[in-house]
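Summary of structural features
What follows is the residue order along each chain.
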Amino acid sequence: MESVIISTETRVQLIDITERIRDVVSEKGWKDGAVLLFVPHTTAGITINEGADPDVRRDLEATLSRLVPYRGSYRHAEGNSDAHIKTTLTGNSSLVILQDGRLKLGTWQSIFFCEYDGPRTRSLWIQHLEG
Amino acid sequence: MESVIISTETRVQLIDITERIRDVVSEKGWKDGAVLLFVPHTTAGITINEGADPDVRRDLEATLSRLVPYRGSYRHAEGNSDAHIKTTLTGNSSLVILQDGRLKLGTWQSIFFCEYDGPRTRSLWIQHLEG
Amino acid sequence: MESVIISTETRVQLIDITERIRDVVSEKGWKDGAVLLFVPHTTAGITINEGADPDVRRDLEATLSRLVPYRGSYRHAEGNSDAHIKTTLTGNSSLVILQDGRLKLGTWQSIFFCEYDGPRTRSLWIQHLEG
(Lines give C-alpha, C1' and ligand atoms only; values in the text may rest on other atoms or scores of the structure.)
Protein backbone atom coordinates (compact mmCIF):
# COMPACT_ATOMS: atom_id res chain seq x y z
CA MET A 1 0.00 0.00 0.00
CA GLU A 2 1.20 3.48 -0.88
CA SER A 3 0.34 6.74 0.83
CA VAL A 4 0.41 10.35 -0.31
CA ILE A 5 0.11 13.49 1.80
CA ILE A 6 -2.29 16.23 0.75
CA SER A 7 -2.20 19.69 2.33
CA THR A 8 -5.48 21.55 2.08
CA GLU A 9 -5.82 25.31 2.37
CA THR A 10 -9.43 26.17 3.09
CA ARG A 11 -12.35 24.60 4.93
CA VAL A 12 -14.01 23.22 1.79
CA GLN A 13 -11.74 22.53 -1.16
CA LEU A 14 -11.73 20.08 -4.05
CA ILE A 15 -8.15 19.43 -5.16
CA ASP A 16 -7.21 17.75 -8.43
CA ILE A 17 -4.83 14.92 -7.46
CA THR A 18 -4.76 13.07 -10.81
CA GLU A 19 -1.08 13.76 -11.51
CA ARG A 20 -0.04 12.64 -8.05
CA ILE A 21 -1.84 9.30 -8.52
CA ARG A 22 -0.26 8.94 -11.98
CA ASP A 23 3.17 9.45 -10.40
CA VAL A 24 2.55 6.71 -7.82
CA VAL A 25 1.35 4.23 -10.46
CA SER A 26 4.39 5.01 -12.58
CA GLU A 27 6.87 4.72 -9.68
CA LYS A 28 5.40 1.42 -8.54
CA GLY A 29 5.28 -0.01 -12.05
CA TRP A 30 1.70 -1.27 -11.69
CA LYS A 31 0.53 -2.38 -15.14
CA ASP A 32 -3.08 -3.52 -15.08
CA GLY A 33 -6.02 -4.34 -12.82
CA ALA A 34 -7.13 -1.26 -10.89
CA VAL A 35 -6.09 1.12 -8.14
CA LEU A 36 -8.18 1.65 -5.06
CA LEU A 37 -7.93 5.22 -3.71
CA PHE A 38 -8.97 5.26 -0.05
CA VAL A 39 -9.40 8.36 2.14
CA PRO A 40 -8.75 7.37 5.80
CA HIS A 41 -10.60 10.41 7.20
CA THR A 42 -14.21 11.02 8.21
CA THR A 43 -14.48 14.64 7.07
CA ALA A 44 -12.96 14.30 3.60
CA GLY A 45 -13.93 12.26 0.54
CA ILE A 46 -12.92 11.55 -3.03
CA THR A 47 -14.73 11.91 -6.35
CA ILE A 48 -14.06 11.75 -10.09
CA ASN A 49 -15.47 14.66 -12.06
CA GLU A 50 -14.60 17.32 -14.63
CA GLY A 51 -11.19 18.91 -14.21
CA ALA A 52 -11.13 21.34 -17.16
CA ASP A 53 -13.38 24.10 -15.82
CA PRO A 54 -12.80 25.08 -12.15
CA ASP A 55 -16.40 26.30 -12.02
CA VAL A 56 -17.58 22.67 -11.96
CA ARG A 57 -15.92 22.06 -8.63
CA ARG A 58 -17.06 25.41 -7.31
CA ASP A 59 -20.66 24.52 -8.22
CA LEU A 60 -20.22 21.14 -6.53
CA GLU A 61 -18.82 22.72 -3.36
CA ALA A 62 -21.61 25.34 -3.30
CA THR A 63 -24.41 22.84 -3.91
CA LEU A 64 -23.19 20.43 -1.22
CA SER A 65 -23.00 23.37 1.20
CA ARG A 66 -26.54 24.44 0.27
CA LEU A 67 -27.89 20.91 0.87
CA VAL A 68 -25.84 20.35 4.04
CA PRO A 69 -25.11 23.77 5.61
CA TYR A 70 -22.09 24.35 7.85
CA ARG A 71 -24.18 26.00 10.56
CA GLY A 72 -27.20 23.75 10.58
CA SER A 73 -29.05 22.18 13.47
CA TYR A 74 -26.77 19.30 14.43
CA ARG A 75 -26.11 17.35 17.64
CA HIS A 76 -22.40 16.52 17.16
CA ALA A 77 -20.55 18.99 19.39
CA GLU A 78 -17.43 19.46 17.26
CA GLY A 79 -19.20 21.74 14.79
CA ASN A 80 -18.27 19.72 11.71
CA SER A 81 -21.32 17.51 11.22
CA ASP A 82 -21.74 18.95 7.73
CA ALA A 83 -18.29 17.61 6.82
CA HIS A 84 -19.11 14.09 8.04
CA ILE A 85 -22.37 14.09 6.07
CA LYS A 86 -20.73 15.39 2.87
CA THR A 87 -18.14 12.61 3.23
CA THR A 88 -20.85 9.95 3.13
CA LEU A 89 -22.64 11.63 0.21
CA THR A 90 -19.38 11.84 -1.77
CA GLY A 91 -17.88 8.53 -0.69
CA ASN A 92 -14.44 7.86 0.77
CA SER A 93 -12.98 5.68 -1.99
CA SER A 94 -12.68 5.57 -5.78
CA LEU A 95 -11.44 2.95 -8.21
CA VAL A 96 -9.58 3.57 -11.47
CA ILE A 97 -8.77 0.91 -14.07
CA LEU A 98 -5.12 0.52 -15.13
CA GLN A 99 -4.15 -0.34 -18.68
CA ASP A 100 -0.54 -0.79 -19.82
CA GLY A 101 0.69 1.04 -16.75
CA ARG A 102 -1.67 4.00 -17.19
CA LEU A 103 -4.67 5.33 -15.30
CA LYS A 104 -7.63 4.76 -17.60
CA LEU A 105 -9.80 7.88 -17.25
CA GLY A 106 -12.37 9.45 -19.56
CA THR A 107 -11.44 12.54 -21.56
CA TRP A 108 -12.82 15.04 -19.03
CA GLN A 109 -12.26 13.07 -15.84
CA SER A 110 -9.97 14.19 -13.02
CA ILE A 111 -9.64 12.72 -9.54
CA PHE A 112 -10.52 15.14 -6.74
CA PHE A 113 -9.64 14.95 -3.07
CA CYS A 114 -12.61 16.57 -1.29
CA GLU A 115 -11.67 18.49 1.85
CA TYR A 116 -14.75 19.32 3.92
CA ASP A 117 -13.20 20.41 7.23
CA GLY A 118 -9.84 21.97 6.44
CA PRO A 119 -7.33 23.32 6.30
CA ARG A 120 -5.54 20.13 7.34
CA THR A 121 -2.75 17.75 6.38
CA ARG A 122 -4.44 14.67 4.95
CA SER A 123 -3.44 11.21 3.76
CA LEU A 124 -4.64 9.20 0.80
CA TRP A 125 -3.97 5.46 0.63
CA ILE A 126 -3.45 3.70 -2.69
CA GLN A 127 -3.76 -0.07 -3.11
CA HIS A 128 -3.21 -1.98 -6.34
CA LEU A 129 -5.82 -4.64 -7.14
CA GLU A 130 -5.05 -7.51 -9.51
CA GLY A 131 -7.01 -7.73 -12.75
CA MET B 1 -10.87 -4.31 -20.10
CA GLU B 2 -14.19 -4.52 -21.91
CA SER B 3 -16.38 -1.67 -23.08
CA VAL B 4 -20.07 -1.42 -23.89
CA ILE B 5 -21.91 1.40 -25.66
CA ILE B 6 -25.10 2.80 -24.16
CA SER B 7 -27.42 5.08 -26.13
CA THR B 8 -29.56 7.31 -23.97
CA GLU B 9 -32.78 8.93 -25.13
CA THR B 10 -33.65 11.76 -22.77
CA ARG B 11 -31.76 14.26 -20.62
CA VAL B 12 -32.20 12.32 -17.38
CA GLN B 13 -32.66 8.57 -17.70
CA LEU B 14 -31.83 5.56 -15.56
CA ILE B 15 -31.33 2.51 -17.80
CA ASP B 16 -31.24 -1.07 -16.54
CA ILE B 17 -28.01 -2.55 -17.95
CA THR B 18 -27.92 -5.75 -15.87
CA GLU B 19 -28.40 -8.09 -18.83
CA ARG B 20 -25.69 -6.38 -20.84
CA ILE B 21 -23.19 -6.82 -17.99
CA ARG B 22 -24.26 -10.47 -17.63
CA ASP B 23 -23.56 -10.98 -21.34
CA VAL B 24 -20.04 -9.54 -21.04
CA VAL B 25 -19.22 -11.70 -18.00
CA SER B 26 -20.50 -14.77 -19.84
CA GLU B 27 -18.61 -14.00 -23.08
CA LYS B 28 -15.36 -13.38 -21.22
CA GLY B 29 -15.74 -16.47 -19.07
CA TRP B 30 -14.89 -14.64 -15.84
CA LYS B 31 -15.64 -17.00 -12.96
CA ASP B 32 -15.05 -15.32 -9.61
CA GLY B 33 -13.66 -12.23 -7.92
CA ALA B 34 -15.62 -9.14 -8.93
CA VAL B 35 -16.34 -6.83 -11.83
CA LEU B 36 -15.63 -3.12 -11.66
CA LEU B 37 -18.13 -1.09 -13.70
CA PHE B 38 -16.62 2.31 -14.49
CA VAL B 39 -18.39 5.23 -16.19
CA PRO B 40 -15.77 7.37 -18.01
CA HIS B 41 -18.04 10.45 -18.17
CA THR B 42 -18.54 13.43 -15.85
CA THR B 43 -22.28 13.86 -16.37
CA ALA B 44 -23.39 10.24 -15.97
CA GLY B 45 -23.12 7.77 -13.09
CA ILE B 46 -24.01 4.23 -12.09
CA THR B 47 -26.06 2.79 -9.23
CA ILE B 48 -27.56 -0.50 -8.07
CA ASN B 49 -31.20 -0.30 -7.03
CA GLU B 50 -34.61 -1.89 -7.52
CA GLY B 51 -35.40 -2.93 -11.06
CA ALA B 52 -38.87 -4.45 -10.65
CA ASP B 53 -40.97 -1.28 -10.34
CA PRO B 54 -40.09 1.53 -12.80
CA ASP B 55 -41.54 4.01 -10.29
CA VAL B 56 -38.47 3.53 -8.09
CA ARG B 57 -36.19 4.99 -10.73
CA ARG B 58 -38.68 7.72 -11.55
CA ASP B 59 -38.75 8.71 -7.86
CA LEU B 60 -34.96 8.66 -7.82
CA GLU B 61 -34.72 10.85 -10.94
CA ALA B 62 -37.33 13.28 -9.56
CA THR B 63 -35.74 13.55 -6.12
CA LEU B 64 -32.24 14.15 -7.49
CA SER B 65 -33.70 16.87 -9.74
CA ARG B 66 -35.50 18.45 -6.77
CA LEU B 67 -32.28 18.51 -4.71
CA VAL B 68 -30.09 19.64 -7.63
CA PRO B 69 -32.28 21.55 -10.12
CA TYR B 70 -31.41 21.78 -13.81
CA ARG B 71 -31.87 25.56 -13.85
CA GLY B 72 -30.24 26.51 -10.60
CA SER B 73 -27.77 29.26 -9.81
CA TYR B 74 -24.50 27.80 -11.13
CA ARG B 75 -21.24 29.27 -12.44
CA HIS B 76 -20.28 26.59 -15.00
CA ALA B 77 -21.19 28.08 -18.37
CA GLU B 78 -22.19 24.88 -20.15
CA GLY B 79 -25.56 24.72 -18.39
CA ASN B 80 -25.10 21.18 -17.09
CA SER B 81 -23.75 21.75 -13.58
CA ASP B 82 -26.66 19.78 -12.17
CA ALA B 83 -25.49 16.74 -14.15
CA HIS B 84 -21.92 17.00 -12.79
CA ILE B 85 -23.22 17.27 -9.22
CA LYS B 86 -25.64 14.33 -9.60
CA THR B 87 -22.72 12.28 -10.93
CA THR B 88 -20.74 12.84 -7.73
CA LEU B 89 -23.79 12.12 -5.53
CA THR B 90 -24.48 8.87 -7.41
CA GLY B 91 -20.89 7.80 -7.99
CA ASN B 92 -19.21 6.79 -11.25
CA SER B 93 -18.37 3.17 -10.46
CA SER B 94 -19.97 0.06 -8.99
CA LEU B 95 -18.62 -3.35 -8.03
CA VAL B 96 -20.44 -6.67 -8.31
CA ILE B 97 -19.19 -9.98 -6.90
CA LEU B 98 -18.88 -12.94 -9.30
CA GLN B 99 -19.63 -16.49 -8.21
CA ASP B 100 -19.31 -19.50 -10.53
CA GLY B 101 -19.37 -17.21 -13.54
CA ARG B 102 -22.47 -15.31 -12.44
CA LEU B 103 -23.14 -11.78 -11.26
CA LYS B 104 -24.07 -12.10 -7.59
CA LEU B 105 -26.90 -9.62 -7.03
CA GLY B 106 -29.66 -9.45 -4.43
CA THR B 107 -33.18 -10.51 -5.39
CA TRP B 108 -34.39 -7.01 -6.23
CA GLN B 109 -31.14 -5.49 -7.44
CA SER B 110 -30.55 -4.23 -10.97
CA ILE B 111 -27.62 -2.20 -12.29
CA PHE B 112 -28.57 1.22 -13.66
CA PHE B 113 -26.61 3.50 -15.94
CA CYS B 114 -27.59 7.03 -14.85
CA GLU B 115 -27.73 9.55 -17.69
CA TYR B 116 -27.89 13.11 -16.36
CA ASP B 117 -27.13 15.15 -19.51
CA GLY B 118 -28.45 13.17 -22.46
CA PRO B 119 -29.41 12.13 -24.94
CA ARG B 120 -25.91 10.92 -25.78
CA THR B 121 -23.91 7.88 -26.82
CA ARG B 122 -22.06 6.71 -23.72
CA SER B 123 -19.44 4.12 -22.82
CA LEU B 124 -19.17 1.85 -19.81
CA TRP B 125 -15.88 0.15 -18.99
CA ILE B 126 -15.78 -3.27 -17.33
CA GLN B 127 -12.69 -4.63 -15.58
CA HIS B 128 -12.43 -8.03 -13.95
CA LEU B 129 -10.77 -8.07 -10.49
CA GLU B 130 -9.23 -11.26 -9.08
CA GLY B 131 -10.77 -12.76 -5.95
CA MET C 1 -17.61 -15.14 -0.67
CA GLU C 2 -18.67 -14.79 2.94
CA SER C 3 -21.97 -13.54 4.29
CA VAL C 4 -23.01 -12.06 7.62
CA ILE C 5 -26.52 -11.50 8.94
CA ILE C 6 -27.48 -8.13 10.42
CA SER C 7 -30.67 -7.63 12.43
CA THR C 8 -31.91 -4.06 12.46
CA GLU C 9 -34.25 -2.66 15.07
CA THR C 10 -35.77 0.55 13.76
CA ARG C 11 -36.77 1.98 10.38
CA VAL C 12 -33.62 4.09 9.95
CA GLN C 13 -30.53 2.89 11.78
CA LEU C 14 -26.78 3.09 11.19
CA ILE C 15 -25.06 0.10 12.82
CA ASP C 16 -21.32 -0.13 13.43
CA ILE C 17 -20.27 -3.48 11.90
CA THR C 18 -16.48 -2.97 12.00
CA GLU C 19 -15.84 -5.74 14.53
CA ARG C 20 -17.94 -8.21 12.59
CA ILE C 21 -15.94 -7.55 9.43
CA ARG C 22 -12.69 -7.86 11.41
CA ASP C 23 -13.85 -11.27 12.66
CA VAL C 24 -14.55 -12.51 9.13
CA VAL C 25 -11.16 -11.32 7.86
CA SER C 26 -9.47 -13.03 10.78
CA GLU C 27 -11.39 -16.30 10.40
CA LYS C 28 -10.69 -16.48 6.67
CA GLY C 29 -7.03 -15.62 7.10
CA TRP C 30 -7.07 -12.99 4.33
CA LYS C 31 -3.75 -11.14 4.48
CA ASP C 32 -3.61 -8.34 1.92
CA GLY C 33 -5.39 -6.81 -1.06
CA ALA C 34 -8.82 -5.49 -0.07
CA VAL C 35 -12.27 -6.59 1.03
CA LEU C 36 -15.37 -5.65 -0.91
CA LEU C 37 -18.40 -5.19 1.35
CA PHE C 38 -21.58 -5.53 -0.72
CA VAL C 39 -25.14 -4.90 0.49
CA PRO C 40 -27.54 -7.06 -1.59
CA HIS C 41 -30.59 -4.94 -0.73
CA THR C 42 -32.22 -1.91 -2.38
CA THR C 43 -33.30 -0.11 0.80
CA ALA C 44 -30.06 -0.36 2.78
CA GLY C 45 -26.53 0.91 2.13
CA ILE C 46 -23.07 1.02 3.64
CA THR C 47 -20.75 3.88 4.57
CA ILE C 48 -17.50 4.52 6.42
CA ASN C 49 -17.64 7.41 8.88
CA GLU C 50 -16.88 8.40 12.47
CA GLY C 51 -17.68 5.76 15.07
CA ALA C 52 -16.59 7.51 18.27
CA ASP C 53 -19.49 9.92 18.77
CA PRO C 54 -22.99 8.46 18.16
CA ASP C 55 -24.20 11.99 17.38
CA VAL C 56 -22.39 11.82 14.03
CA ARG C 57 -24.60 9.02 12.82
CA ARG C 58 -27.68 10.64 14.29
CA ASP C 59 -26.88 13.84 12.36
CA LEU C 60 -26.35 11.77 9.22
CA GLU C 61 -29.67 9.94 9.67
CA ALA C 62 -31.50 13.22 10.37
CA THR C 63 -29.98 15.09 7.43
CA LEU C 64 -30.71 12.31 4.95
CA SER C 65 -34.30 12.25 6.21
CA ARG C 66 -34.56 16.03 5.81
CA LEU C 67 -33.28 15.87 2.23
CA VAL C 68 -35.34 12.78 1.33
CA PRO C 69 -38.42 12.69 3.59
CA TYR C 70 -40.22 9.45 4.43
CA ARG C 71 -43.62 10.89 3.53
CA GLY C 72 -42.76 12.81 0.40
CA SER C 73 -44.53 12.93 -2.94
CA TYR C 74 -43.45 9.65 -4.54
CA ARG C 75 -44.93 7.32 -7.16
CA HIS C 76 -43.63 3.97 -5.88
CA ALA C 77 -46.61 2.37 -4.12
CA GLU C 78 -44.73 0.51 -1.39
CA GLY C 79 -44.18 3.68 0.66
CA ASN C 80 -40.40 3.26 0.91
CA SER C 81 -39.14 5.40 -1.97
CA ASP C 82 -37.10 7.46 0.50
CA ALA C 83 -35.19 4.30 1.46
CA HIS C 84 -34.37 3.46 -2.18
CA ILE C 85 -33.13 7.01 -2.80
CA LYS C 86 -31.01 7.09 0.39
CA THR C 87 -29.46 3.79 -0.73
CA THR C 88 -28.24 5.34 -3.98
CA LEU C 89 -26.97 8.49 -2.20
CA THR C 90 -25.06 6.36 0.33
CA GLY C 91 -23.95 3.60 -2.01
CA ASN C 92 -24.37 -0.16 -1.58
CA SER C 93 -20.70 -1.18 -1.38
CA SER C 94 -17.48 -0.17 0.36
CA LEU C 95 -13.87 -1.27 0.01
CA VAL C 96 -11.31 -1.57 2.79
CA ILE C 97 -7.59 -2.24 2.28
CA LEU C 98 -6.05 -5.22 4.12
CA GLN C 99 -2.51 -5.13 5.48
CA ASP C 100 -0.88 -8.06 7.31
CA GLY C 101 -4.29 -9.61 7.90
CA ARG C 102 -5.83 -6.43 9.29
CA LEU C 103 -8.50 -4.01 8.11
CA LYS C 104 -6.66 -0.78 7.34
CA LEU C 105 -8.93 2.01 8.57
CA GLY C 106 -8.22 5.60 9.63
CA THR C 107 -8.13 6.46 13.33
CA TRP C 108 -11.76 7.61 13.48
CA GLN C 109 -13.26 5.37 10.82
CA SER C 110 -15.91 2.75 11.46
CA ILE C 111 -17.94 0.77 8.94
CA PHE C 112 -21.69 1.35 9.15
CA PHE C 113 -24.50 -0.75 7.76
CA CYS C 114 -27.23 1.77 6.86
CA GLU C 115 -30.76 0.47 7.37
CA TYR C 116 -33.30 2.75 5.68
CA ASP C 117 -36.46 0.57 5.75
CA GLY C 118 -36.25 -1.61 8.83
CA PRO C 119 -36.56 -3.33 11.10
CA ARG C 120 -35.46 -6.31 9.00
CA THR C 121 -33.02 -9.18 8.87
CA ARG C 122 -30.34 -8.20 6.37
CA SER C 123 -27.33 -9.78 4.69
CA LEU C 124 -23.92 -8.34 3.92
CA TRP C 125 -21.64 -10.10 1.42
CA ILE C 126 -17.86 -9.98 1.79
CA GLN C 127 -15.47 -10.77 -1.08
CA HIS C 128 -11.70 -10.76 -0.84
CA LEU C 129 -9.88 -9.04 -3.73
CA GLU C 130 -6.25 -9.83 -4.53
CA GLY C 131 -3.69 -7.06 -4.16
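Up top is the structure these notes are about.
Our subject in this report is the structure included herewith. (Residues numbered from 1 in each chain as written. Chains lettered and ligands numbered in written order. Predicted model: local features only at pLDDT ≥ 70, side-chain atom pairs only at ≥ 80, totals over all residues. Heavy atoms only, no water.)

The interface of chain C with chain A comprises 31 residues on the first partner and 27 residues on the second. Here chain C and chain A share an interface that buries about 2,500 Å² over both sides, 61% of which is from carbon and sulfur atoms. When the area that chain C buries against chain A is broken down by residue, the three leading residues are C:Asp59, C:Leu95 and C:Ile97, summing to 23%. Taken together, the connections running from chain C to chain A amount to one salt bridge. For C:Asp55, the salt bridge identified is with A:Arg75, shortest N-O distance 3.1 Å. For the pair chain C and chain A, the number of links is 13 residue pairs in polar contact (both at pLDDT 80 or more). Of all elements in the fold, only β3 (33-38), β4 (44-50), α2 (54-67), α3 (81-90) and β5 (93-99) of chain C reach the threshold of two or more residues within the side of chain C that touches chain A. Here the side of chain C that touches chain A takes nine residues from α2(C), the largest share from any one element. Along the lines of polarity and charge, the residues of the side of chain C that touches chain A split into 13 nonpolar, ten polar and eight charged. (Contact = heavy atoms within 4.5 Å. Buried area = accessible area lost by both parts, 1.4 Å probe. Salt bridge = Lys/Arg side-chain N within 4 Å of Asp/Glu carboxyl O. Polar contact = N/O pair within 3.5 Å; in protein donor to acceptor, adjacent residues only side chain to side chain. Helix = DSSP H or I, 4+ residues; strand = E, 2+ residues; numbered from the N terminus. Nonpolar A, V, L, I, M, F, W, Y, C, P; charged D, E, K, R; others polar.)

Right, let's get into the relation of the copies chain C and chain A. The two copies are related by a screw motion: chain C maps onto chain A through a turn of 120° and a shift of 0.0 Å along the axis, at an RMSD of 0.0 Å. What the rotation and shift describe, once combined, is the action of a three-fold rotation axis. (Least-squares fit on C-alpha atoms with pLDDT ≥ 70 in both.)

The full count for this structure, using the stated rule, is one cavity of 30 Å³ or more. Of the pockets and cavities examined, the largest cavity occupies roughly 580 Å³. A:Gly91, A:Ser93, B:Ser93, C:Gly91 and C:Ser93 are, among the 36 residues lining the largest cavity, the residues nearest its centre. Of the residues assigned to the lining of the largest cavity, the class counts are twelve nonpolar, 24 polar and no charged. (1 Å grid on protein atoms, 1.4 Å probe; cavity = no way out; pocket = protein on both sides within 12 Å on 5 of 7 lines; lining within 4 Å. Points joined across faces, edges and corners; volume = space filled by probe spheres on them.)

Here we take up the interface of chain B and chain A. Facing the 27 residues of chain B at the interface are 31 residues of chain A. Sorting the residues of chain B by area buried against chain A places B:Thr42, B:Arg75 and B:Thr88 first, and these three jointly supply 23% of that buried surface. In this structure, the connection of chain B to chain A is made through 13 residue pairs in polar contact (both at pLDDT 80 or more). The set of elements that each furnish at least two residues to the side of chain B that touches chain A consists of β3 (33-38), α3 (81-90) and β8 (121-129) of chain B. In terms of residue count, the dominant contributor to the side of chain B that touches chain A is α3(B) (six residues). Looking at the side of chain B that touches chain A residue by residue, the class counts come to 15 nonpolar, ten polar and two charged.

The next point concerns the sheet that holds strand β6 (residues 102-104) of chain A. All names here are of chain A. In space, the five strands of this open sheet follow the order β1-β8-β3-β5-β6, with antiparallel pairing throughout. Because the sheet does not close on itself, it has two edges, and the strands there are β1 (2-7) and β6. On average, each strand axis in the sheet is inclined to that of its neighbour by 35°, with strand direction left out of account. (Pairing = 2+ DSSP bridges. Axes fitted to C-alpha atoms, helices over the stretch in contact; angles between N-to-C directions.)

Moving on, we come to the environment of B:Leu60. Structurally, the position occupied by B:Leu60 is in helix α2 (residues 54-67). Taking the C-alpha atoms as reference, B:Leu60 lies 9.7 Å from B:Asn49; in sequence the two are eleven residues apart. Every residue in contact with B:Leu60, bar those within four places of it in the chain, is listed here: B:Leu14, B:Thr47, B:Asn49, C:Ile85 and C:Thr88.

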